[in-house]
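# Structural characterization, general
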Amino acid sequence: MRIGVPREIKDGEFRVALTPAAVSQLTEVTLEPGAGAAVGFTDADYVAAGATLGDAWDCELVVKVKELQPPEYRKPRLGQTIFGFQHFAPEPPLLAAALASGATFIAFETVGQDAGLPILSPMSAIAGRLALQVGAWCLQKHNGGSGVLLPGLDGVPPGKVVILGAGNVGANALAVAHGIGASVTVFAKSDRRFPPLRQKYPQARFHAGLDEQAVKDADLVIGGVLMPGQMSPKLITRAMLAGMRRGSALVDVGIDQGGIAETSRPTSHSQPIYIEEGVVHYCVPNMPAACARTASLALEQAVLPYVEMLARGQMSDDLQTGVQVTGGKVVHAQLAMDTGR
């Protein structure tokens, strides 16, 4: 099976799904020129690893990072498999294009849905760690923030961080927030994941459910709730955000599945923030692209075994949970429920 690696065209997307090291373990790889250049892998590196430069979309298996962008909507075709992040539910035109193509779309975000989401997991970890960095940046006055320094200072209390979700995103955001000395409160649907986090981060507070007043009092809210393969639940109402101090910040990591706030809408790396109800919103769907080299290396480790499997014409249980669209039909139960397809 011929494997194509196209150049990503989403705003601010610099990741590449396969590096030259991975290509050297595969056969018949076609690389779109420049696909890895942004993370330091030249076309010559890929050719030396055995790749051919050309039209990556002229292959049976296309391995890419982000979902199709409008200029790519007509590229997939019947009999082709597109392996990457898909995020169909929030984007009806994207889903319509996928259905019209007749191709098979396997979503990174639901591969291994019953086995810990092995491809999504490292990207969620990166997004969680970045959430504190970008949240601290949002709080700076030149971005419309309140001017709070999250670690505080001698004699000055630290900023208040509220994290929604205690999974991969939440735990990694907590690690950074706790490490810099912020005042951290974590809310989750249940206390199932709390015991090891309490032991590791003794200064943080943990609560099952959601306290609206804690959200209103927060300097920074991080939305890290993930419902695998589902639209993000709307946990933060407009009224709750309106009750926050002006210049507070919301980093909505779940925006690629619709976001956890009523006021959330997708932004981009070139225009990452907007202010609504006095709150600075950061809602970039492809956050890990900000650390594209690290993210590419982490993504490749997770993706390569499945690419090798697909290249052999095999389909595991993990891969089967990733199949969302095939032959013009939605075949993923939750996607069908979310979209009425």
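Rules used throughout
Residues numbered from 1 in each chain as written. Predicted model: local features only at pLDDT ≥ 70, side-chain atom pairs only at ≥ 80, totals over all residues. Heavy atoms only, no water. Helix = DSSP H or I, 4+ residues; strand = E, 2+ residues; numbered from the N terminus. Buried < 20%, exposed > 50% of the residue type's maximum accessible area, 1.4 Å probe, protein only. Axes fitted to C-alpha atoms, helices over the stretch in contact; angles between N-to-C directions. Left-handed = near helix turned anticlockwise from the far one by under 90°. Contact = heavy atoms within 4.5 Å. Nonpolar A, V, L, I, M, F, W, Y, C, P; charged D, E, K, R; others polar. 1 Å grid on protein atoms, 1.4 Å probe; cavity = no way out; pocket = protein on both sides within 12 Å on 5 of 7 lines; lining within 4 Å. Points joined across faces, edges and corners; volume = space filled by probe spheres on them. Parallel < 35°, antiparallel > 145°, perpendicular 65-115°, else oblique.

### Brief notes about unusual backbone geometry
Even without a glycine there, the phi angle at His87 is positive, about 50 degrees. Structurally, His87 is set in the loop between β5 (81-84) and α3 (92-101). A residue is classified by how much of its surface remains accessible, and His87, at 6% relative accessible area, is buried. With phi around 55 degrees, Glu277 is a residue other than glycine that occupies positive phi space. In this fold, Glu277 is placed in the loop between β12 (273-276) and β13 (279-282). By relative accessible area, Glu277 is classed as partly exposed at 32%.

### Focus on the packing of helix α4 (residues 120-138) against helix α5 (residues 168-180)
Direction vectors running N to C along α4 and α5 enclose 35 degrees, while the axes themselves pass 7 Å from each other. Judged by the twist between their axes, the crossing of α4 over α5 is right-handed. Of the residues in α5, those touching α4 at Ser121, Ser124, Ala125, Gly128, Arg129 and Leu132 are Asn168, Val169, Asn172, Ala173, Val176, Ala177 and Ile180. Along the lines of polarity and charge, the residues of the contact of α4 with α5 split into seven nonpolar, five polar and one charged.

### Concerning empty space enclosed by the protein
This model, assessed by the stated rule, comprises two cavities of 30 Å³ or more. By volume, the largest cavity amounts to about 320 Å³. Lining the largest cavity are 26 residues, with His87, Leu120, Ser124, Val253 and Asp256 positioned closest to its centre. Classifying every residue of the lining of the largest cavity by side-chain character gives 13 nonpolar, nine polar and four charged.

### A closer look at the packing of α4 against helix α9 (residues 292-311)
Helix-helix packing is described using two parameters, namely the angle between the two axes and the distance between the axes. Where α4 contacts α9, the two axes come as close as 8 Å, and the packing angle between them is 155 degrees. One element, α4, and the other, α9, form an angle in the roughly antiparallel class. α9 is crossed by α4, and the crossing has right-handed handedness. Seen from α4, the contacting residues are Pro122, Met123 and Ile126; seen from α9, they are Thr294, Ala295, Ala298, Leu299 and Ala302. Class assignment of the residues belonging to the contact of α4 with α9 gives a composition of seven nonpolar, one polar and no charged.

By themselves, these are just geometric observations and shouldn't be taken as functional.
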